[in-house]
Amino acid sequence: MWDYFWGIRCVWLRYFDVFKKSFFYYLVTTFLEPILYLLSFGLGVGSLIGHLKYQGTDISYRSFIFSGIIGQTLLFQGFFEASYGGFIRMYYQKIFQAMAITPITLSEVLWGELLWDTTRATVAAEVVALIGVISGDFPPQCLLLIIPVCFVSALLFSGLGLTVAAYSKTIEQISYPQYLLIFPMFLFCGVFYPIENLPVILQWLAWSLPLTSVISILRSLTLGFSIDPKAIVILIFWLVIWVWIARRAMTQRLVK
């Protein structure tokens, strides 16, 4: 058992060593996008809207969208790193195959991949939350409260991304789920507005997607609202599904 965890640790550390060589690139590509969203929507649109009602309480639109951007960061960072990054490491660089012929098993390689993608997304989300704390929109304790949710959510979206990488024959095919699933989640799962404003059928559709549950829980923890129990159930359901499918699909892709 310890050998298994040691193998996963070795894979994670290998990615970390590579990451340190491109740290500045990571800072720019990871944090620039959510910061631009925060500035344009939180300050620009927020100055027009002012306050809105959420769960019967008046809150500033800037605080509302700050919590949504945390969820969006988890979605984009987890999915894109695992899908495009995973495909490149599998197809072009052959890193999975190279590590699998060492004493490290393929199962350990895949867990290391998922946990590395999860780590990057979790750190990025925490940085966005830290900006919210500095701006006075979130209480400081939320930085600790959201860590488990961010980690689980990032693992979910990383599993989704690795699944896409496993089933894509070319890197261009990753664009299909990107435009048909990831961007619709970004637009309709409550990042920019309460989903209660949508027609009922679209509310049901939004709740069937994992990002809605992620954002619902994050808003509860950062803004002090009560947690919706169904959000936890949906989050765990999609976590188990996508991590299981990702490992199974990638194993089949690599051993055939």
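Residues numbered from 1 in each chain as written. Predicted model: local features only at pLDDT ≥ 70, side-chain atom pairs only at ≥ 80, totals over all residues. Heavy atoms only, no water.

1. Some remarks on helix α9 (residues 200-207)
- What α9 keeps buried is the set Q203, A206 and W207. One side of α9 carries all its buried residues, which in axial view fall inside an arc of 95°. Structural note: α9 exposes I201 and W204 on the side pointing more than 90 degrees away from its buried face.
- Packed against the buried residues of α9 are α8 (175-188), α10 (210-223) and α11 (229-255). (Buried < 20%, exposed > 50% of the residue type's maximum accessible area, 1.4 Å probe, protein only. Helix = DSSP H or I, 4+ residues; strand = E, 2+ residues; numbered from the N terminus. Arc of directions from axis to C-beta. Contact = heavy atoms within 4.5 Å.)

2. Focus on the packing of helix α7 (residues 147-167) against α10
- In the contact formed by α7 and α10, the axes pass within 11 Å of each other and the chain directions differ by 170°. Accordingly, the angle class assigned to the pair α7 and α10 is roughly antiparallel. Along this stretch, α7 crosses α10, giving a crossing that reads as left-handed. Contact residues: α7 offers V149, C150, S153, L156 and F157, while α10 offers P210, L211, V214, I217, L218 and L221.
- Taken together, the residues of the contact of α7 with α10 break down into ten nonpolar, one polar and no charged. (Axes fitted to C-alpha atoms, helices over the stretch in contact; angles between N-to-C directions. Parallel < 35°, antiparallel > 145°, perpendicular 65-115°, else oblique. Left-handed = near helix turned anticlockwise from the far one by under 90°. Nonpolar A, V, L, I, M, F, W, Y, C, P; charged D, E, K, R; others polar.)

3. With respect to the pattern of salt bridges
- The full count for this structure, using the stated rule, is eight salt bridges.
- The closest approach of N and O atoms between E81 and R89, which form a salt bridge, is 3.2 Å.
- On the basis of relative accessible area, E81 is assigned to the buried category, the value being 15%.
- A salt bridge links E113 to R89, with the shortest nitrogen-to-oxygen separation between them at 2.7 Å. A residue pair is termed long-range when its members are at least 10 positions apart, and E113 in helix α5 (residues 106-134) and R89 in helix α3 (residues 61-92) qualify at 24 residues. Neither residue differs from the other here; E113 and R89 are each classed as buried. (Salt bridge = Lys/Arg side-chain N within 4 Å of Asp/Glu carboxyl O.)

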